[in-house]
Structures are given as C-alpha cells and as structure tokens.
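Below are the chains, spelled out letter by letter.
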Amino acid sequence: MSPEPRGFFDVAFTDAVKAVQTRLGSRGRNEEIERSPARNRITPELAAWLAERNSVFLGTASADGRPYIQHRGGPPGFIVTLDDQHLAFADLPGNKQYITLGNLSENDRAIIFAVDYAHRQRIKVWGRAEVIENDPALIERLTPPKSRLRPQRVIRFRLEGWDINCPQHIPQLFSAEEVEAASMAMLARIQELEEEVARLKGKKS
C-alpha cells in the first residue's frame with residue numbers, strides 16, 4: 001500500500017516536474033515548500049472558503065489521459081464538506097454528454113480549481129472522485145435549496161492535497177449580486193445625505 005500523500009507537493013511534484021524545476025532554477029525554493037506543513041486535510045478555513053464559492057472547475061481525465069474540465073456552479077454552499085478528507089456536491093442535470101461521469105468510471109483522479117475573483121485568490125484541490133447514485137439521503141442533503149432541478153447522483157471527492165496560489169495575474173472581478181449590493185448601499189447613503197442637507201437647509205431658512 002502506497003503511503004498517504006502529504007499534500008499538494010507529493011501529488012503535483014512528480015519526478016518530471018522536479019526535473020523541470022531543477023533545469024529552470026527553482027528546485028531549491030520548491031524543496032523548501034516540500035518541508036512545510038502538509039496540506040492533506042480539509043481545514044475549517046478551507047471548508048469555509050469553499051462554502052462561499054458559487055462556481056468552480058472540475059478537472060478529470062480519461063483512462064488514456066485525455067483531460068477534460070467542466071464548470072460546476074450553484075448557490076454558495078453547494079460544495080459540502082463531509083469530513084476532513086471528503087467534499088461532495090450534487091450532480092445537477094446539464095447537457096447530458098456525461099464526459100465527467102465517463103472519465104470517473106475509468107480514472108478516479110480529479111482536481112477542483114476554484115477562484116475568488118473579488119479577493120484575487122485561487123485554490124487547487126487534488127484528489128480522487130467517485131459517482132454515487134444509490135444514496136437518497138446524501139443526494140437530498142446535497143440538493144441546493146429551492147433548486148428546480150433534481151439530481152440523480154452526487155460526486156464525492158476525497159482530498160489528497162491542496163494549495164493556495166499567489167494573486168498574480170488574477171483579475172479582480174465582482175459578481176452582479178455584489179455590484180448590486182454595493183450600489184444599493186451607495187444609493188441609500190446618498191439619500192441619507194440628501195435628507196440631511198435638506199434638514200440643515202430647513203434650519204437656516
């Protein structure tokens with residue numbers, strides 16, 4: 001039985017990757033990263049961060065290594081932390097191509113890539129994923145509230161390692177809901193100030 005991965009560097013830093021790091025002069029820096037505390041468990045901070053996401057990308061590959069990336073979205077909280085090693089989310093109906101499901105039937109390696117554009121932060125989560133179709137209680141638990149679509153299955157993700165990327169090159173973007181909330185607050189403040197100005201003018205007259 002192979003040892004449990006100690007985090008993203010055991011999963012991502014293959015011999016080929018290390019060879020490139022050596023050739024391009026970054027191996028020493030990355031050796032220091034390998035000595036840092038392992039990120040092979042879902043911490044409360046990671047669980048809370050993922051619970052705020054309404055959009056992630058799920059990467060899988062076929063048995064012969066052909067990669068595929070699928071967008072997954074839902075209300076904040078649609079990605080649920082089951083325990084310190086497992087995430088899960090409902091597989092809502094889509095275009096019915098089932099590429100992700102087909103890939104996972106022959107190759108369970110997967111990655112979740114999530115970005116918080118407002119705060120310019122991205123997190124990568126490596127692991128193994130499985131499709132669960134015979135657990136009505138879990139399916140019901142993971143179905144987003146008020147969802148018009150009823151999932152027939154869930155995808156459960158077993159974490160092997162995760163990493164936080166630097167914010168470099170991430171554009172700062174805000175959702176329509178965030179912009180609307182900020183606009184409403186600004187308009188409310190403008191109205192408050194206009195009423196205050198009118199009151200002060202009334203005192204002078």
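For the structure given in this document, a descriptive report is provided here.

1. Some details on the packing of helix α2 (residues 15-24) against helix α3 (residues 27-34)
In step 1: Where α2 meets α3, the axes come as close as 8 Å, and the angle between the chain directions of the two elements is 135°. In terms of axis orientation, α2 runs oblique to α3. From α2, K18, Q21 and T22 reach across to α3, where they touch R27, N30 and E34.
In step 2: Partitioning the contact of α2 with α3 into residue classes produces no nonpolar, three polar and three charged.

2. Details of α3
Since one α-helical turn is 3.6 residues long, residues separated by three or four positions face the same way.
In step 1: Every buried residue belonging to α3 is among R27, N30 and E34, and all of these are buried. Viewed along the axis of α3, the buried residues span an arc of 65°, placing them on a single side of the element. In α3, those exposed residues whose orientation departs by more than 90 degrees from the buried face are R29 and E32.

3. Side note on the environment of L87
In step 1: Its place among the elements puts L87 in strand β4 (residues 86-90).
In step 2: The class of L87 is buried, set by a relative accessible area of 1%.
In step 3: Along the chain, L87 and V197 lie 110 residues apart, while their C-alpha atoms are 53 Å from each other.
In step 4: Other than its neighbours up to four places away in sequence, L87 contacts I42, L50, I79, V80, T81, I112, V125, I155, R156 and F157.

4. Remarks on the sheet that holds strand β7 (residues 154-165)
In step 1: Pairing in this open sheet of seven strands is antiparallel, and the strands run β2-β1-β5-β6-β7-β4-β3 from one edge to the other. In the strand order of this sheet, the two ends are held by β2 (67-73) and β3 (80-81), each with one partner.
In step 2: Two strands pair when backbone bridges link them, and strand β5 (residues 109-116) and strand β6 (residues 121-132) are joined in this way by eight bridges, in the antiparallel orientation. Residue pairing in the sheet places I111 in a bridge with W126 of β6.

Rules and cut-offs
Residues numbered from 1 in each chain as written. Predicted model: local features only at pLDDT ≥ 70, side-chain atom pairs only at ≥ 80, totals over all residues. Heavy atoms only, no water. Axes fitted to C-alpha atoms, helices over the stretch in contact; angles between N-to-C directions. Helix = DSSP H or I, 4+ residues; strand = E, 2+ residues; numbered from the N terminus. Parallel < 35°, antiparallel > 145°, perpendicular 65-115°, else oblique. Contact = heavy atoms within 4.5 Å. Nonpolar A, V, L, I, M, F, W, Y, C, P; charged D, E, K, R; others polar. Buried < 20%, exposed > 50% of the residue type's maximum accessible area, 1.4 Å probe, protein only. Arc of directions from axis to C-beta. Pairing = 2+ DSSP bridges.

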